[in-house]
Amino acid sequence: IFALYNTSGTKLNPAEIRNAAFHENLIHLMIFHLTGEADVFKDEIDDATRQEVFQADFRSVCGSGKEPKRFAAMDMVERYLGYSRAPSLPGKEFKILSTSACIRAYYQSVAGDDKPTDTAKEVVDVWMNAKEFYAETECGPWHEDRNGTLRWNRLRTTCSMIVTRLIMASEIDKKSAIEVVSKLDNLLILPGKQQTNIIWAFQAKTVVMLLDLLSDY
């Protein structure tokens, strides 16, 4: 209904619409606090110090070194959860969805199965490990080289987090993880355009190449 009424006056962006539509969803509430959108700090991972470190770093990246726009940090976590779970809309067969539709499908079909504390810990662990696994890559896990300047890129960030999640599940050691990520990064070229089909194709290519590399470890 919020999307329906968002046709006149000052339009809300997708993250603002989701905040209104899913504000009572437990996963949404967790993300709201985890990413520092709330006015009052709430420990979502049973480790306040670790969460504070994550929160500060995450918001700095999402804001390119400054305070991010409202809900920008929350939107990034939603992108990761949406694309890493690759959900279908309720009662529908899987098909590629736009970023907004993918996140909405996550909330409607998958979020109820995810436990807030476990999911929060996953997000923090993936973020922290990605920084280590991508340590030897040219741009790190979150940025692209745009004419000699490092710029935050949402697609690279999403893919880096998904790659890290899969590597963590493989249980290879840290040295091997860094080797795998370095090899993978050299094989991939981040697309300039980020239309829905291009996003899904790049993410699929990334995962297929990663699984092939992991088969050697």
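Residues numbered from 1 in each chain as written. Predicted model: local features only at pLDDT ≥ 70, side-chain atom pairs only at ≥ 80, totals over all residues. Heavy atoms only, no water.

Quick look at the overall build of the protein
Convention followed: Secondary structure elements follow DSSP: runs of H or I no shorter than four residues count as helices, runs of E no shorter than two count as strands, and numbering proceeds from the N terminus. Each radius of gyration is computed over the set of C-alpha atoms, and the globule rule expresses the reference value as 2.2 Å times the number of residues to the power 0.38. Each residue is placed in one exposure class: buried if its accessible area under a 1.4 Å probe, protein chains only, is under 20% of its type's maximum, exposed if it is over 50%, and partly exposed if it falls in between. Whether two residues touch is decided by their heavy atoms; if any such pair falls within 4.5 Å, the residues are in contact. Residue exposure ignores everything except the shown protein chains as possible cover, and the areas themselves are Shrake-Rupley values with a 1.4 Å probe. For this count, His and the chain ends are skipped, Lys and Arg are scored as positive, and Asp and Glu as negative. Note on charges: their place is set at NZ of Lys, CZ of Arg, CG of Asp or CD of Glu.
A tally of regular secondary structure across the protein gives 10 helices and 2 strands. In the protein, the order of α-helices and β-strands from amino to carboxyl end is α-α-α-α-α-α-α-β-β-α-α-α. Over its C-alpha trace the protein gives a radius of gyration of 17 Å, about what one expects of a compact globule, namely 17 Å for 217 residues. Each of the three principal axes of the protein carries a C-alpha extent, and together these read 50 × 40 × 40 Å. Every one of the 217 residues in the protein was classed for burial, and the buried ones make up 48%. Sequence-distant contacts in the protein: of pairs separated by 6 or more residues, those separated by 24 or more amount to 60%. As presented, the protein carries roughly 11600 Å² of accessible surface, and 51% of it is formed by carbon and sulfur atoms. A distance of 7 Å separates the average location of the 26 positive side-chain charges in the protein from that of its 30 negative side-chain charges.

Some remarks on the layout of surface pockets
Over the atoms rolls a probe the size of a water molecule, and its path tells where empty space is left. The test is simple: Grid spacing is 1 Å over the protein atoms alone, the probe is 1.4 Å, and a cavity is where that probe fits but cannot get out, while a pocket is an open set with protein on both sides within 12 Å along at least five of seven lines and lining residues have an atom within 4 Å of a point. Grid points are joined across faces, edges and corners, and a volume is the space filled by probe spheres set on the points. When residue character is reported, Ala, Val, Leu, Ile, Met, Phe, Trp, Tyr, Cys and Pro are called nonpolar, Asp, Glu, Lys and Arg charged, and the others, Gly included, polar.
In this structure, the largest pocket occupies an estimated 300 Å³ of space. R156, D185, L188, I189 and L190 are, among the 18 residues lining the largest pocket, the residues nearest its centre. Of all the secondary-structure elements, those providing two or more residues to the lining of the largest pocket are strand 1 (143–146), helix 8 (154–170), helix 9 (174–187) and helix 10 (196–214). The element best represented in the lining of the largest pocket is helix 8, accounting for 4 residues. Tallied by class, the residues present in the lining of the largest pocket amount to 10 nonpolar, 3 polar and 5 charged. Each pocket or cavity is described by its volume, and for the second largest pocket that value is around 250 Å³. Lining the second largest pocket are 16 residues, with N13, K69, A72, D75 and R154 positioned closest to its centre. Of all the elements in the fold, those that place two or more residues in the lining of the second largest pocket are helix 2 (14–21), helix 5 (72–85) and helix 6 (99–109). Taken together, the residues of the lining of the second largest pocket sort by class into 7 nonpolar, 3 polar and 6 charged.

Some thoughts on the environment of Q108
Within the secondary structure layout, Q108 lies in helix 6. Residue Q108 is classed as partly exposed on the basis of its relative accessible area, which comes to 41%. In sequence terms Q108 and P90 are 18 residues apart; their C-alpha atoms lie 6.9 Å from each other. Non-local contacts of Q108, meaning those with residues more than four positions away in its chain, are made with F22, L89 and P90.

Regarding the packing of helix 5 against helix 8
Condition: Axes, fitted as lines to C-alpha atoms, cover a helix only where it is in contact. Angles between the N-to-C directions of the axes lie from 0 to 180 degrees. Angles below 35 degrees are treated as roughly parallel, those above 145 as roughly antiparallel, those between 65 and 115 as roughly perpendicular, and all remaining angles as oblique. Helix crossings are classified by the rotation of the near helix relative to the far one: an anticlockwise turn of less than a right angle makes the crossing left-handed, while a clockwise turn makes it right-handed.
At a minimum axis distance of 9 Å, the contact between helix 5 and helix 8 shows a crossing angle of 55°. Judged by the inter-axis angle, helix 5 sits oblique to helix 8. Of the two elements, helix 5 crosses helix 8, and the hand of that crossing is right-handed. Along the contact surface, helix 5 presents D75, M76, R79, Y80, Y83, S84 and R85, while helix 8 presents R154, T157, T158, M161, I162 and R165. Across the contact of helix 5 with helix 8, the residue classes break down as 5 nonpolar, 3 polar and 5 charged.

Considering the pairing of strand 1
This is how it is decided: Note on pairing: two strands pair once DSSP finds at least 2 bridges between them.
Here strand 1 pairs with strand 2 (residues 149–152) via 4 bridges, running antiparallel. Note that in strand 2 the partner of R146 across the bridge is T149. Between the antiparallel neighbours strand 1 and strand 2 lie 2 residues, among them N147 with a positive phi of about 55°.

Some thoughts on unusual backbone geometry
A positive phi is found at F71, a non-glycine position, where the angle reads about 75°. Residue position: F71 is located in the loop between helix 4 (48–62) and helix 5. A residue is classified by how much of its surface remains accessible, and F71, at 5% relative accessible area, is buried. Of note, the phi angle at N147 is positive, near 55°, even though the residue is not glycine.

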